[in-house]
Amino acid sequence: MSTPYLNLTDAAGKVAAFSTAVRLGLLDRIDREPADPAELARTCGATERGVRVVLAALAEGGFVEQLPDGRYRPVLTGLAALHPLIPLWDHLPDAVRTGIPVYDANSASPGNAIYPRTMAFLAGLWGDAVDQAITTLPAATRILDVGAGSEPWTISYCQRYPESHVTALDLPEILPSTRRAITRAGLTDRYTFLAGDVLTTPLEPCTYDLIVVAQVCSLFDRSNGSALIKRLTPALAAGGVLAIIDTLAGSPGSAMQELSLYLRTQAGAVHQPDAYHGWLADAGLTEITSTDLPTKLAITVLTGRKSQQVASVHDR
Ligand SMILES: C[S@@+](CC[C@H](N)C(=O)[O-])C[C@H]1O[C@@H](n2cnc3c(N)ncnc32)[C@H](O)[C@@H]1O
């Protein structure tokens, strides 16, 4: 069989199996309690053979897992909330024709209402890579998380560094989901929430030992990415580190990531590694490092440090 045929069947089959499991209530049912195909067929009004093949396909696709007793459970709770993402892709032909995205992920556009519901899953997306990313970051007490989302990176960071306190900056519409993630993690006393736009919200100068910008630069074009890093740098304390966590052009999965960015942003892109290096250097940061994480969608952590000397001259 040809690779194009297999790839297409695989992608379309995964979407259809997921959609079927949501529409027949299979996913919700095993979210409440694991169940085997026979029981699911009875309670969801379906055929046992049909349920069996759908669950097997979902297990192969990494959506559900089979327990030793033959019952299935989802790998993450609430997965059905991802279902509204599927029809967004129907808008790709229009977006390609007109250049207008289905919604704008870097503003509070009405279509972005879908995002808070799906955001919680970003936290689970990076798996073990989060711990590896944290080891590339310095110990810090005052942290700014820019475009915090559901805080996949700083929750782990706070668990590793008990002295750390995070200011989570995100759009006002998104912050309630951010708060929920922090409450679930039992870390409310370690976070302050700042509602606003990353490109305009005033930031205290010389305040943070660490600024984390994860999966945010790629929502913007090259010039706004550069502008963002430049405007964040004065908020770093002397010797502080700015860390960008993002997918870089040319890395595994980056073309599909770029397609997704095309669908949901005005000008987002997976940027070239030299663009990120340039933004950090142009902002006056030094000791630039780059670490690739072994995630399915490749992620790189880039860091740059604000010099003690430059900061002490400028910050007085
Ligand atoms: C792809 S998510 C990444 C979330 C999180 N940092 C992570 O790595 O999972 C991008 C985040 O940036 C936020 N964001 C996008 N544009 C923004 C803007 N102009 N101002 C503030 N936050 C913004 C989104 O609301 C979202 O939470």
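Looking at an unreviewed UniProt entry, the protein carries the name Methyltransferase domain-containing protein, with the source organism given as Kibdelosporangium philippinense.

Enquirer: How do you make sense of the overall build of the protein when you look at a structure like this?
Expert: Across its full length, the protein holds 15 helices and 9 strands. Here the C-alpha radius of gyration of the protein, 21 Å, is about what a compact globule of 316 residues would show, namely 20 Å. For the protein, the C-alpha atoms occupy an extent of roughly 75 × 45 × 35 Å along the three principal directions. Counting only residues that meet the buried cut, the protein has 47% of its 316 residues in that class. Sequence-distant contacts, at least 24 apart, represent 68% of the contacts inside the protein between residues at least 6 apart. Carbon and sulfur atoms form 56% of the exposed surface of the protein, whose accessible area is close to 15300 Å². Of the charged side chains in the protein, 25 are positive and 32 negative; the average position of the first set lies 3 Å away from that of the second.

Enquirer: When you look at the pattern of salt bridges in this model, what are you seeing that I'm missing?
Expert: Within this structure, the stated rule accounts for 8 salt bridges. Measuring nitrogen to oxygen at the nearest pair gives 2.4 Å for the salt bridge that ties Arg-29 to Glu-39. On the criterion of sequence distance, the pair formed by Arg-29 in helix α2 (residues 26-32) and Glu-39 in helix α3 (residues 37-44) is long-range, its members being 10 residues apart. A relative accessible area of 10% places Arg-29 in the buried class. Residue class for Glu-39 comes out partly exposed when judged on its relative accessible area of 26%. Notably, a salt bridge pairs Arg-305 with Glu-287, separated by 3.2 Å at the nearest N-O pair. Here Arg-305 is found in strand β9 (residues 299-305), whereas its partner Glu-287 is found in strand β8 (residues 286-293), with 18 residues between them in sequence. Since its relative accessible area comes to 29%, Arg-305 is described here as partly exposed.

Enquirer: For this particular structure, what's the right way to read the sheet that holds strand β7 (residues 236-246)?
Expert: Strand pairs in the sheet, formed through backbone hydrogen bonds, run parallel or antiparallel to each other. Read across the sheet, 7 strands follow the order β5-β4-β3-β6-β7-β9-β8 without closing on themselves; strand pairing throughout is mixed. With one partner strand each, in any of the chains shown, β5 (191-195) and β8 form the two edges of the open sheet. Within this sheet the neighbouring strands show an average axis-to-axis angle of 15°, counted without direction. Packing against the sheet, helix α11 (residues 175-184) makes contact with β4 (165-170) and β5, and its axis sits at approximately 170° to β5.

Enquirer: Would you take a moment to explain the environment of Leu-280 for this structure?
Expert: Tracing the sequence through the fold places Leu-280 in helix α14 (residues 273-282). According to the relative accessible area criterion, Leu-280 is buried, its value standing at 0%. Each C-alpha atom, one on Leu-280 and one on Glu-33, is 48 Å from the other, the two residues being 247 residues apart in sequence. Beyond its immediate sequence surroundings of up to four residues, Leu-280 is in contact with Ile-229, Leu-242, Ile-244, Leu-285, Ile-288, Leu-302, Thr-303 and Gly-304.

Calculation criteria
Residues numbered from 1 in each chain as written. Predicted model: local features only at pLDDT ≥ 70, side-chain atom pairs only at ≥ 80, totals over all residues. Heavy atoms only, no water. Helix = DSSP H or I, 4+ residues; strand = E, 2+ residues; numbered from the N terminus. Rg over C-alpha atoms; globule rule 2.2 N^0.38 Å. Buried < 20%, exposed > 50% of the residue type's maximum accessible area, 1.4 Å probe, protein only. Contact = heavy atoms within 4.5 Å. Areas by Shrake-Rupley, 256 points an atom, 1.4 Å probe, with all protein chains shown as cover. Lys, Arg positive; Asp, Glu negative; His and termini not counted. Charge placed at Lys NZ, Arg CZ, Asp CG, Glu CD. Salt bridge = Lys/Arg side-chain N within 4 Å of Asp/Glu carboxyl O. Pairing = 2+ DSSP bridges. Axes fitted to C-alpha atoms, helices over the stretch in contact; angles between N-to-C directions.

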